[in-house]
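Reading the structure
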Amino acid sequence: MAAQEVASQPSDTLTTLKTESETLKTKLEEERAKLHDVELHQVAEKIEALGQFVMKTRRTLKGHGNKVLCMDWCKDKRRIVSSSQDGKVIVWDAFTTNKEHAVTMPCTWVMACAYAPSGCAVACGGLDNKCSVYPLSLDKNENLAAKKKSVAMHTNYLSACCFTNSDMQILTSSGDGTCALWDVESGQMLQSFHGHAADVLCLDLAPSETGNTFVSGGCDKKACVWDMRTGQCIQSFETHESDINSVRYYPSGDAFASGSDDATCRLYDLRADREVAIYSKESIIFGTSSVDFSLSGRLLFGGYNDYTINVWDVLKGTRVSILFGHENRVSTLRVSPDGTAFCSGSWDHTLRIWA
Amino acid sequence: MTIRSDRDHGQRYRPRMSCLKKLEATVVQMQDPSTGVKGTDQKLNVTIIPHVITGQDIVAWITKNMNIDSDEAQAFGTMLVAFGYIYPLQDHKKLVLRPDGSLYRFQTPYFWPVQKWKAEDTDYAIYLAKRNIRKKGVLDAYEQEEYNKLHKWMNHKWDFIVMQAKEQYHAGKARQKADRVVFDCQERAYWIVHRPPPQTHSAMDYGLDRHIDPNAEEKKTYDYYRRIIIYTQQAVMRSRVKSSVSLGALAKYITTFKNHDPFLVPCLPSNPWQTDDDSYWELNTPDVEIPTKMRVERWSFSFYELLNDPRGRADFKIFLKKEFSGENLAFWEAAEELKWGTAASMSEKAEHIFKTFLAPGAPRWINIDGRTMGLTVKGLEHPHRYVLDAAQTHIFMLMKKDTFYRYLKSPVYKEMQKKAISPAPHNFSEAQLQQNMRNRRPSIDPIITWQKEQEEKAKAEAASGPVDIKKLMASKLDRK
């Protein structure tokens, strides 16, 4: 029936629809604006300013032979897994800087890696279009590749992966424009999420008690919030001017931050359904590759393509510190589970722990 | 020299390198004759190089004009050098900005990254061949290697390459010596940026190309607009909260957790990453017997915080046991396991949950309203991952709004608050810190911790069978 309609009066129908969609979009903005009674910096006026920060590199992890692309913390607060362009995935005890496990993937550009909540496995993937789970072993001589489990299958590169609340499910995002939820044991796809018009580059799972949503960011400049049960996009935000490289939830789960190639980080409030802050500076012109919040949500750490890390005051919108040390792009950045430090991985082959 | 129209600043699909446009604007300002960086003439052997600038002048200009610290200015300057807008005259292979008397020059726009993107292998071959013609053996080892490689791959066009190289060489000879020296420097700088020497990287490396072209116009069909209309209609209908309310909540969260954020308030006894002493982790293990005061305080912030902390959840379980209402939490945990468990185990788990918590006369029957119970039981006929959602949310809300607050006022919690320890801050001397650094303790492998946890869990389940309400009530009646 729809096809017939289009065939009979194609241009009329399309024009009417286009006008209708534009009107609705304007209406949406009006509805959003109606409830916008205060700006973030006004709320921040009552909060005291931050003191001076002394953040230094406390550990430098050397061992990757090429660009470090991704890293993740273990729940034990001291171990991390990192992956690199040369196909190596390494598990470190960052506190002692010892390497504990190493896996060589059959592909280069391992852009995604994640530590399982139990601490007993890691997941990784990249140009092989797959996400594989490697159970870790107490026997250091064991070849981990032997027990590898291929879980996710996409039609293009894997950009990010994340375990849900257990080792049994993995959420992935891909260059093919989709995200998907997989059952690890069977490799079955439990849910797929369509809606991005271009590569999806990042995702983050909501920390809320119900834990049923996640946010993804893509090259279409959109950040979408998805319902894991139904596969529907429940909210979306399109205010960035370029690719969104990283999204991260605010610790309470009511907001999230994004970092983009347009050199800004932005904060989106989910309950008010709008962008509430832009973290930018004239002197910062290179894209943000990854962002993460400190434990209280007061600080936002951003790793940038100009080799620096900028620390932002989330409430006041100002930059409180800039950290130097990496000799190439900072490609990944995550705060440790107990908030005592954050780890940055870079194209200079190293990872640094800052505290 | 034309800018390729199909390549936008070196990235096929969109201006990922749009930052270069902004860099260029700054470079143009820096070269302004009156307000720019002051250059001088430098003598190099017998020639005079014009418009030479020093590293410290560049940093000073950036500091002043961009209103930033000299550290940041130096980092910004390094970007200018890395992308080839400014090139060093000394130590030309290392593309960093040194904030001292080191000499630099502005690169001619002809060699700016955006103009001649992407640096072609043919051009590189011509460049290397030309230098070879000028003087044999002048190429570096890595350049010689590249030259040999290119000769192999481009063997079919090698005559063309040699001819071009000779032409450029002769054209160069026709120039004035000073101009020739300057041009050679510029060209060399260009190739250092685009063909980095070993152990260095090229700033032009932007990683992988994106797969989908977001600039490609999605076909504006009926379906396309229909999707947008449906989505936007739903979005308009969605309930929103006033900014003052939601932003206030964000600020409140920050204030509540401020003292618990190690970046804002030092954690006690000390941050393991800073002092190399891991006592902080030892005192906060998931199964520690006496938790710290900070940790116990955090349990009171929200029900989620209490449940999320294994130690808090354990304490809550003790309270529930005393109240004989452990079935609510047990049900919630079982529902979580169903939701996040393997697909294969689902129907088995669903059945177990039904028998234990929902069936009439079940040993750990949970008290939910009739409607929810009806929906859940019906759903369990064809169990799926989210079949217990309604019941689970109901129970969770019950615990959150009622049980949680009673827990906080209970003797169980109050006693925990009293028992909780407050570690004194470490005060290490420099020598002690050095020693700590040498003696960093390794920790138990998470695999072992996990195995232990699983064993404990199995033991606990076997030991504490479900409380049989009927028997219990019967025994109470008997006593009466």
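Residues numbered from 1 in each chain as written. Chains lettered and ligands numbered in written order. Predicted model: local features only at pLDDT ≥ 70, side-chain atom pairs only at ≥ 80, totals over all residues. Heavy atoms only, no water.

By the naming in an unreviewed UniProt entry, chain B is Regulator of G protein signaling 9a, taken from Cyprinus carpio carpio.

Chain A carries the name Guanine nucleotide-binding protein subunit beta-5-like in an unreviewed UniProt entry, which gives Cyprinus carpio as its organism. Here is the UniProt Sequence similarities (unreviewed entry) comment for chain A, exactly as written: "Belongs to the WD repeat G protein beta family." (UniProt positions renumbered as here; feature names shortened; annotations may be inferred.)

**Things to note about the overall build of chain B**
Each helix and strand counted, chain B has 22 helices and four strands in total. Computed over C-alpha atoms, the radius of gyration of chain B comes to 36 Å, more than 25% over the 23 Å expected from 2.2 N^0.38 for 480 residues, which places it beyond the range of a compact globule. A principal-axis box enclosing the C-alpha atoms of chain B has dimensions of 120 × 70 × 50 Å. Across the 480 residues that make up chain B, the buried fraction comes to 43%. (Helix = DSSP H or I, 4+ residues; strand = E, 2+ residues; numbered from the N terminus. Rg over C-alpha atoms; globule rule 2.2 N^0.38 Å. Buried < 20%, exposed > 50% of the residue type's maximum accessible area, 1.4 Å probe, protein only.)

**Describing the sheet that holds strand β11 (residues 169-174) of chain A**
All names here are of chain A. The antiparallel open sheet is built from four strands, whose spatial order is β10-β11-β12-β13. Of all the strands in the sheet, the pair left with one neighbour each is β10 (158-163) and β13 (189-194). Between one strand axis and the next, the sheet turns through 15 degrees on average, direction left out of account. As judged from the five bridges shared by strand β12 (residues 178-183) and β13, these two strands associate in the antiparallel manner. (Pairing = 2+ DSSP bridges. Axes fitted to C-alpha atoms, helices over the stretch in contact; angles between N-to-C directions.)

**As for the UniProt feature "domain: RGS" (unreviewed entry) in chain B**
In the numbering used here, UniProt assigns the "domain: RGS" (unreviewed entry) feature to residues 302-417 of chain B. Between the C-alpha atoms that bound residues 302-417 of chain B the distance is 16 Å, and the span itself is 74% helix and 0% strand.

**Some details on the packing of aromatic side chains**
Pairs of aromatic rings are described using the distance from one ring centre to the other and the angle between the two planes. A full pass over the atoms with the stated rule returns 41 aromatic pairs over all chains. Three or more aromatic residues joined by ring pairs form one cluster here, namely F303, F316, F319, W332, F396, F404, Y405, Y407 and Y413 of chain B. Stacked on the ring of W347 of chain A, the Lys or Arg K67 of chain A has its end atom at 4.9 Å from the ring centre. Taking the ring centre of F183 of chain B as reference, the NZ or CZ of R175 of chain B above it sits at 4.5 Å. (Phe/Tyr/Trp six-rings, centres within 6.5 Å; stacked < 30°, edge-to-face > 60°. Lys NZ or Arg CZ within 6 Å of the ring centre and 35° of its normal.)

**Quick notes on the nonpolar core**
Residues and elements named next belong to chain B. Core analysis: the largest hydrophobic core is formed by 52 residues, its most contacted members being L23, M30, I62, L80, F83 and Y85. For this core, the elements supplying multiple residues, two or more each, are α1 (19-30), α2 (55-66), α3 (70-82), β4 (103-106), α4 (121-134), α5 (141-153), α6 (158-174) and α7 (177-194). Dropping the residues within four chain positions of it, I62 is found in contact with M30, N67, I68, A73, F76, G77 and L80. One finds V296, F331, I366 and M373 within the second-largest nonpolar core, a separate group that totals 37 residues. (Core = buried A, V, L, I, M, F, W, Y, C linked by side-chain atoms within 4.5 Å. Contact = heavy atoms within 4.5 Å.)

**Considering the sheet that holds strand β8 (residues 130-135) of chain A**
Residues and elements named next belong to chain A. Taken together, four strands build an open sheet; the order of strands is β6-β7-β8-β9 and the sheet is antiparallel. The open sheet is flanked by β6 (112-115) and β9 (149-153), the only strands paired with a single partner. For this sheet the average axis-to-axis angle between neighbouring strands, irrespective of direction, equals 20 degrees. Note: β8 against β9, four bridges, orientation antiparallel. Along β9, the bridge assignment pairs K130 with M153.

**Focus: the interface of chain A and chain B**
Facing the 131 residues of chain A at the interface are 96 residues of chain B. A combined buried area of about 9,500 Å² lies between chain A and chain B, and 64% of that area is made up of carbon and sulfur atoms. In this structure, the connection of chain A to chain B is made through 11 salt bridges. A salt bridge links D278 of chain B to R78 of chain A, with the nearest nitrogen and oxygen atoms 3.8 Å apart. Our count for the chain A to chain B interface comes out at 36 residue pairs in polar contact (both at pLDDT 80 or more). Looking at the side of chain A that touches chain B residue by residue, the class counts come to 57 nonpolar, 33 polar and 41 charged. (Buried area = accessible area lost by both parts, 1.4 Å probe. Salt bridge = Lys/Arg side-chain N within 4 Å of Asp/Glu carboxyl O. Polar contact = N/O pair within 3.5 Å; in protein donor to acceptor, adjacent residues only side chain to side chain. Nonpolar A, V, L, I, M, F, W, Y, C, P; charged D, E, K, R; others polar.)

**Observations regarding the UniProt feature "repeat: WD" (unreviewed entry) in chain A**
The sites that carry the UniProt feature "repeat: WD" (unreviewed entry) are, in the present numbering, residues 61-102, 151-192, 193-236, 237-278, 290-322 and 323-355 of chain A. Between the first and last C-alpha atoms of residues 237-278 of chain A the distance is 13 Å; the span itself is 0% helix and 55% strand.

**Here's the deal with the packing of helix α14 (residues 310-323) of chain B against helix α15 (residues 326-340) of chain B**
Between two packed helices, what matters for the description is the angle formed by their axes and the separation of those axes. All names here are of chain B. It is at 8 Å that the axes of α14 and α15 come closest, and there the two elements cross at 140 degrees. As judged from the angle between their axes, α14 and α15 are oblique. Judged by residue contacts, R313, F316, K317 and L320 of α14 engage G326, L329, W332 and E333 from α15. (Parallel < 35°, antiparallel > 145°, perpendicular 65-115°, else oblique.)

**Here we look at the confidence of the model for chain A**
Summary statistics for chain A give a mean pLDDT of 93 and a share of 96% for residues scoring 70 or more. Low pLDDT (under 50) marks residues 1-8 of chain A, which in the prediction has four contacts with non-local residues, meaning those over four places away or in another chain. (pLDDT = per-residue confidence, 0-100.)

**Points about the packing of α14 of chain B against helix α19 (residues 411-419) of chain B**
All names here are of chain B. The interhelical angle for the contact between α14 and α19, taken along N-to-C directions, is 140 degrees, at an axis separation of 9 Å. In terms of their interaxial angle, α14 and α19 are classed as oblique. For the pair α14 and α19, contact is made by R311, D315, I318, F319 and K322 and by V412, Y413 and M416, respectively. A breakdown of the residues in the contact of α14 with α19 according to their chemical character gives five nonpolar, no polar and three charged.

**Thoughts on the pattern of salt bridges**
Tallied over the entire structure, the rule returns 45 salt bridges over all chains. One salt bridge connects D243 of chain A with R210 of chain B, and the closest N-O pair in it is separated by 2.9 Å. Taken as a pair, D243 of chain A in the loop between β17 (233-237) and β18 (244-249) and R210 of chain B in the loop between α7 and α8 (222-237) lie in two separate chains rather than in one. R210 of chain B shares its class with D243 of chain A; the two are buried. Between D278 of chain B and R441 of chain B there is a salt bridge, with its nearest N and O atoms 2.6 Å apart. Highlighted residues: D278 of chain B in the loop between α10 (272-275) and α11 (279-282) and R441 of chain B in the loop between α20 (430-438) and α21 (446-463), separated in sequence by 163 residues. Taking relative accessible area as the criterion, R441 of chain B reaches 44% and is therefore assigned partly exposed. One salt-bridge network, held together by shared partners, links E29, R32 and D273 of chain A together with R238 and R240 of chain B.

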